[in-house]
Structures are given as structure tokens and as C-alpha cells.
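# Observations on the three-dimensional arrangement
The lines below spell out each chain.
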Amino acid sequence: MKNECIFDGDEYLGFYFSSQCYNCEHYNPAQMTHICKAYPNGIPPEVWTGKVTHDNPYKQDNNIVYKKSL
């Protein structure tokens, strides 16, 4: 099933993703959703697509920022 998005991003196997999110320890790609510990109700499109880097606090991120996964 293709994820219909209204924003730009990289596409792989029909899913839009951000390498920023995929490389963050707060994101679980196995969930196959656009949620993480910082954004349990949905990662904002501007963060998901990488238009906004999340290495600094960003609106409604619960004070959780990007941390490179090990």
C-alpha cells in the first residue's frame, strides 16, 4: 500500500522517509509509521522530509531531539 503524502521526500518501496529519522535512536522503522518518541502523534512533514533538521529543539518535540542511533 502506497503512503499518499502531500510533501516532498525520498521514496523507497512506496514509503516516504527521512534519513534523519531513520538514523535516529528515537525512531523505530519497524513500526512503519511516521511516529517516534519525540512525536508520538506524528512527525511533522518538515522534519520527516528533512526540510528542518531536528538536532535542535523544534515545536512540540517533547524536548527530544535527533540522536544518532548506534
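Further up the page is the structure itself.
These figures come from a predicted structure and were not determined experimentally. (Residues numbered from 1 in each chain as written. Predicted model: local features only at pLDDT ≥ 70, side-chain atom pairs only at ≥ 80, totals over all residues. Heavy atoms only, no water.)

Take the overall build of the chain next. Looking only at helices and strands, the chain has 2 helices and 2 strands in total. Burial statistics for the chain: of 70 residues in total, 30% are counted as buried. Within the chain, residue pairs in contact and separated by at least 24 positions form 42% of the contacts whose partners lie at least 6 positions apart. Total accessible area computed for the chain in this model is approximately 5,000 Å², and 53% of it derives from carbon and sulfur atoms. (Helix = DSSP H or I, 4+ residues; strand = E, 2+ residues; numbered from the N terminus. Buried < 20%, exposed > 50% of the residue type's maximum accessible area, 1.4 Å probe, protein only. Contact = heavy atoms within 4.5 Å. Areas by Shrake-Rupley, 256 points an atom, 1.4 Å probe, with all protein chains shown as cover.)

This structure, assessed with the given rule, holds 2 aromatic pairs. Grouping aromatic residues by their ring pairs yields a cluster made of Tyr22, Tyr27 and Trp48. (Phe/Tyr/Trp six-rings, centres within 6.5 Å; stacked < 30°, edge-to-face > 60°.)

Let us now look at the nonpolar core. Within the largest apolar cluster, 9 residues are counted, these being Cys21, Tyr27, Cys36, Ala38, Tyr39, Ile43, Val47, Trp48 and Val52. If we ignore the near neighbours within four places in the chain, the residues touching alanine 38 are His54, Gln60, Asp61, Asn62 and Ile64. (Core = buried A, V, L, I, M, F, W, Y, C linked by side-chain atoms within 4.5 Å.)

Next up on the list: the side chain of aspartate 61. By the secondary structure assignment, aspartate 61 is in the segment after α2 (45-48). No salt bridge is formed by the buried aspartate 61; its nearest oppositely charged neighbour, lysine 59, is found at 11 Å. Of note is the side chain of aspartate 61, whose polar atom sits 2.7 Å from the backbone nitrogen of tyrosine 58. In this structure aspartate 61 touches Ala38, Tyr39, His54 and Asn56, once residues within four positions along its chain are discounted. (Lys, Arg positive; Asp, Glu negative; His and termini not counted. Salt bridge = Lys/Arg side-chain N within 4 Å of Asp/Glu carboxyl O. Polar contact = N/O pair within 3.5 Å; in protein donor to acceptor, adjacent residues only side chain to side chain.)

Enumeration over the complete set of coordinates arrives at 2 salt bridges. Among the ionic pairs, lysine 67 bridges to glutamate 25, the shortest N-O distance being 3.9 Å. Of this pair, lysine 67 sits in the segment after α2 while glutamate 25 sits in the loop between α1 (19-22) and α2, placing them 42 residues apart in sequence. Among the ionic pairs, lysine 59 bridges to glutamate 46, the shortest N-O distance being 3.5 Å. Of this pair, lysine 59 sits in the segment after α2 while glutamate 46 sits in helix α2, placing them 13 residues apart in sequence.

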